[in-house]
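Okay, here's what each chain looks like letter by letter:
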Amino acid sequence: MQAMFHALDSAQDSASLESIRIDTIGKKGLLTERFAKLKSLPEEEKKQIAKTLNTLRKEFEGRLAIKQQELESKELESTLSAQGIDVSLFNLRSKRSIGHPINYTKDKIIEFFTRMGYELCEGPLVEDDFHNFSALNLPEYHPARDMQDTFYFHDDKLLRTHTSPVQIRTMLAQKPPIKMICPGETFRRDYDLTHSPMFHQVEGLVVDRAGVVSFAHLKYVLESFLHYMFGDVKVRFRSSFFPFTEPSAEVDISCVFCQSDGCRVCSHTGWLEVLGCGMVDDNVFRAVGYEEVSGYAFGMGVERLCMLSLGIGDLRSFFETDLRLLEQF
Ligand code: PHE
């Protein structure tokens, strides 16, 4: 028996441990056979030897269990280290992405303006006529309302067609000076290659005492922003019209695809329109009860800036939930 204990202690793997177990307490094992031989012994001797055998078996089983555990964890350790899994290692093969390009672009825009000291504001998606139109100098029957195809509910409610109603809400809720941006969803009854019924805009509004804020400030801020977004591009302000700003301008950058040589994206003009802006119209200030102030406002489409800055060709790919879009970035 002593030899068995010795073999057990020096076993190197679970296979040899198992054969020691079989040789000792298996069907034809040493101990099992000793137990079998008990039958032929006289009663007194039988008791005595059975007691010893039982003690031996208990000890063997106890030491076997400990050894088994020891060998198993050793073997697990060596398999693990052979497989070479280091959970603290960075997995370079995992798929990583900037997230959805729209959110990425929106966050990038927010980053610029909040660093410039603009406060982040929000407004409701379901608006009323006052905030979305009339307070913005778009009275009923104003022809400019045709520019925007609106989703109406049966009462006075509608889905906001731009983020400009947040200008009105902010001016009604605060006092000047105001310096805010508002990113968010907007809705129009449009659906084709370059329009989707839901899209994103970022609005900007700055209001201060009369004469403090000028078109020059607006121009500086937007030029800096467009260089931050697109790098070394040319920027031009083109005179335009919005009911809520006067004077108004649309802002173009030199085409990022053809370097102004002329291509399909810029319709061979060399320029890409990227945002609208202007000095807040006095009628808008009147609608919110502001006097002796001046201010500027601007609005931009996130989808458009995103497509131009990341080189995405098809607007619809934003809404198709195809993971391959995210994996490209
Ligand atoms: N609200 C305008 C639009 O949706 C953009 C704009 C905002 C223009 C602010 C001027 C000033 O087209």
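Since the model is a prediction, treat every value here as computed from it, not as a measurement.

(A) Spatial organisation of the side chain of Thr105. Along the chain, Thr105 turns up in helix 5 (residues 101–115). The class for Thr105 is buried, based on a relative accessible area of 1%. Polar side-chain contacts of Thr105 include one of 2.7 Å to the backbone oxygen of Pro101. Dropping the residues within four chain positions of it, Thr105 is found in contact with Met229, Val302, Leu305 and Cys306.

(B) Up close: the nonpolar core. If you look at the biggest cluster of nonpolar residues, it comprises 44 residues, and the most contacted ones within it are Ile109, Phe113, Phe225, Leu226, Tyr296, Phe298 and Met300. Looking at this core, the elements with two or more residues in it are helix 5, strand 5 (198–209), helix 8 (215–230), strand 6 (235–242), strand 7 (245–254), strand 8 (271–280), strand 9 (293–301) and helix 10 (302–310). Top contributing element to this core by residue count: helix 8, with 7 residues. Ignoring anything within four residues of it in the chain, the contact list for Phe225 reads Ile109, Phe112, Phe113, Leu275, Met300 and Leu305. In terms of nonpolar packing, the next biggest core, distinct from the first, is built from 23 residues, Val166, Phe242, Phe244 and Val293 among them.

(C) Just the domain arrangement of the chain, in detail. Looking at the chain, the domain boundaries give domain 1 (2–89) and domain 2 (101–326). Each of domain 1 and domain 2 was reduced to a C-alpha centroid, and the two centroids are 80 Å apart.

(D) Representation of the site of the ligand. In the vicinity of the ligand, 14 residues are found, and the nearest of them are His162, Ser164, Arg188, Gln201 and Glu203. In this structure, Ser164 approaches the ligand through a side-chain N or O atom, which is 3.0 Å from a nitrogen atom. The separation between an oxygen atom of the ligand and a polar side-chain atom of Gln201 is 3.0 Å. Protein contacts shield 90% of the accessible area of the ligand, which totals 330 Å² for the unbound molecule. Listed by contribution, the elements that provide at least two residues to the shell around the ligand are strand 5, strand 8 and strand 9. The element contributing the most residues to the shell around the ligand is strand 9, with 3 residues. Here the shell around the ligand is composed, by residue class, of 5 nonpolar, 7 polar and 2 charged.

What counts and what doesn't
- Residues numbered from 1 in each chain as written.
- Predicted model: local features only at pLDDT ≥ 70, side-chain atom pairs only at ≥ 80, totals over all residues.
- Heavy atoms only, no water.
- Helix = DSSP H or I, 4+ residues; strand = E, 2+ residues; numbered from the N terminus.
- Buried < 20%, exposed > 50% of the residue type's maximum accessible area, 1.4 Å probe, protein only.
- Polar contact = N/O pair within 3.5 Å; in protein donor to acceptor, adjacent residues only side chain to side chain.
- Contact = heavy atoms within 4.5 Å.
- Core = buried A, V, L, I, M, F, W, Y, C linked by side-chain atoms within 4.5 Å.
- Domains from an automatic or database assignment.
- Near = heavy atom within 4 Å.
- Areas by Shrake-Rupley, 256 points an atom, 1.4 Å probe, with all protein chains shown as cover.
- Nonpolar A, V, L, I, M, F, W, Y, C, P; charged D, E, K, R; others polar.

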